[in-house]
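For reference, the chains in residue letters:
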Amino acid sequence: MAIISFAFSLTRVAMLPIFILLLCIPLPMALSLTFKKLPLPTGVNGPASSAFDSLGGGPYVSVQDGRILKYEEATACFVEFAFDAPTRSSAVCDGKSNYDDLGSTCGRPLGLDFNPLTQKFYVADAYAGLMVVGPKGGLATKLAGGVNGVPFRFLYGVGLDPLTGDVYFTEFSKVYQLRNFTQAVNNGDATGSLLKYNPLTKQVSVLLSGLSGASGVAVSADGTFVLVGELIGNRIKRLWIKGSKCNTAETFIEFQNGRVNRIRRTKLGDFWVAVNVINPATNFILPTGKRINQFGTVLETVRVDKEYSNTRISEVHEHLGEYYIGSRNATVTFVGVYDAI
Ligand SMILES: *[C@@H]1O[C@H](CO)[C@@H](O)[C@H](O)[C@H]1NC(C)=O
Ligand SMILES: *[C@@H]1O[C@H](CO)[C@@H](O)[C@H](O)[C@H]1NC(C)=O
């Protein structure tokens, strides 16, 4: 007992200068003190994107084996909620990571968003197309498999207009699928697009094309603009969808060597963006989250490398003061959650 308390007081004394030092370290901060993992079922990995229902249930996460799983707080377990591909079988697909080969059979939901007014989940599935799932889950319904007669090649992100329910989504590239991700990046592919699905008319339209790795998408809280990430282009574009600048696009923010992944709007109208910063000399990846306001100013940068090392993250999703981290990587077998910053 005496030894323990001695050690404790020693630690406290030793902590003091460290604490003072920490206060002097500039941004980016580390969110490392309050990290927990919500483990995925055995064999399941790559939780790319998350969503919550209107009762706060979830997270619902889209994983590598082609399913959307729901976290049940009571049992602290993820259970199967939905899947995209009618051809999907549990025996062939559950717990599998080889979506390059299995994706067309099992599906690969990459983007996920929830409409609280209709209780529907919208899914951008890399292979199956733009899908929708009701509150009971199960097999998703396909809304669109292509546009203007051309099938989608590789869908990536989805984000809803909070006022109209219009569905904005991205096609990463017209040339490359998931298996060719690295080639797409190395070749500076710029064949991606931002699209819109109107749930009333059921029409799909192309809003922007020539995007360099179209990734995350989010509509502003007031519904006046859409942000779309360009993962290869290291920037975010803004397309105005209302007002005097309607239908004009501009660069919203650029990052040097920062691969822009998903963009999530917060309750207050800012955006969390997952940005993986590449060191060009070493190719080392620093996974970060950046909170950006509606004027394109970075308000804070948090690094998650203490928990994720040099693994790319795909999403930072703020929900009730917690931060849910997504990653497509097959080594990630949990949903990471940070507490308030
Ligand atoms: C995609 O990658 C596969 C093998 O990984 C290769 O055979 C194929 O040619 C690539 N396609 C393109 C368009 O680069
Ligand atoms: C997944 O992460 C590991 C560890 O950071 C890395 O070595 C690997 O290349 C990543 N895989 C992909 C497909 O990015």
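See above for the structure.
Residues numbered from 1 in each chain as written. Chains lettered and ligands numbered in written order. Predicted model: local features only at pLDDT ≥ 70, side-chain atom pairs only at ≥ 80, totals over all residues. Heavy atoms only, no water.

K.L.:
Help me get a handle on the sheet that holds strand E3 (residues 49-51), residues and values and all.
P.N.:
Strand order in this open sheet of 5 strands is E3-E4-E5-E6-E10, and the pairing throughout is mixed. The open sheet has two edge strands, E3 and strand E10 (138-139), and neither has a second partner. Here strand E6 (residues 77-83) pairs with E10 via 2 bridges, running parallel. Bridge pairing in E10 links Ala82 to Gly138. (Pairing = 2+ DSSP bridges. Helix = DSSP H or I, 4+ residues; strand = E, 2+ residues; numbered from the N terminus.)

K.L.:
Describe in detail the sheet that holds strand E19 (residues 225-230), supporting the description with residues and values.
P.N.:
Judged by pairing direction, the sheet is antiparallel, and its 4 strands sit side by side in the order E18-E19-E20-E21 without closing on themselves. One side of each edge strand has no neighbouring strand; the edge strands of this open sheet are strand E18 (214-219) and strand E21 (249-254). Within this sheet the neighbouring strands show an average axis-to-axis angle of 25 degrees, counted without direction. Relative to E19, E18 is paired through 4 bridges, and the arrangement is antiparallel. Bridge pairing in E19 places Ala214 opposite Glu230. (Axes fitted to C-alpha atoms, helices over the stretch in contact; angles between N-to-C directions.)

K.L.:
Provide a residue-level description of helix H3 (residues 99-106), including the pertinent values.
P.N.:
Turning to H3, its buried residues are Tyr99, Gly103 and Cys106. The arc enclosing the buried residues of H3, seen along the axis, measures out at 95 degrees, which places them on a common side. Against the buried residues of H3 lie helix H2 (90-93). Positive backbone phi, approximately 85 degrees, marks Gly107, located one or two places after H3. (Buried < 20%, exposed > 50% of the residue type's maximum accessible area, 1.4 Å probe, protein only. Arc of directions from axis to C-beta. Contact = heavy atoms within 4.5 Å.)

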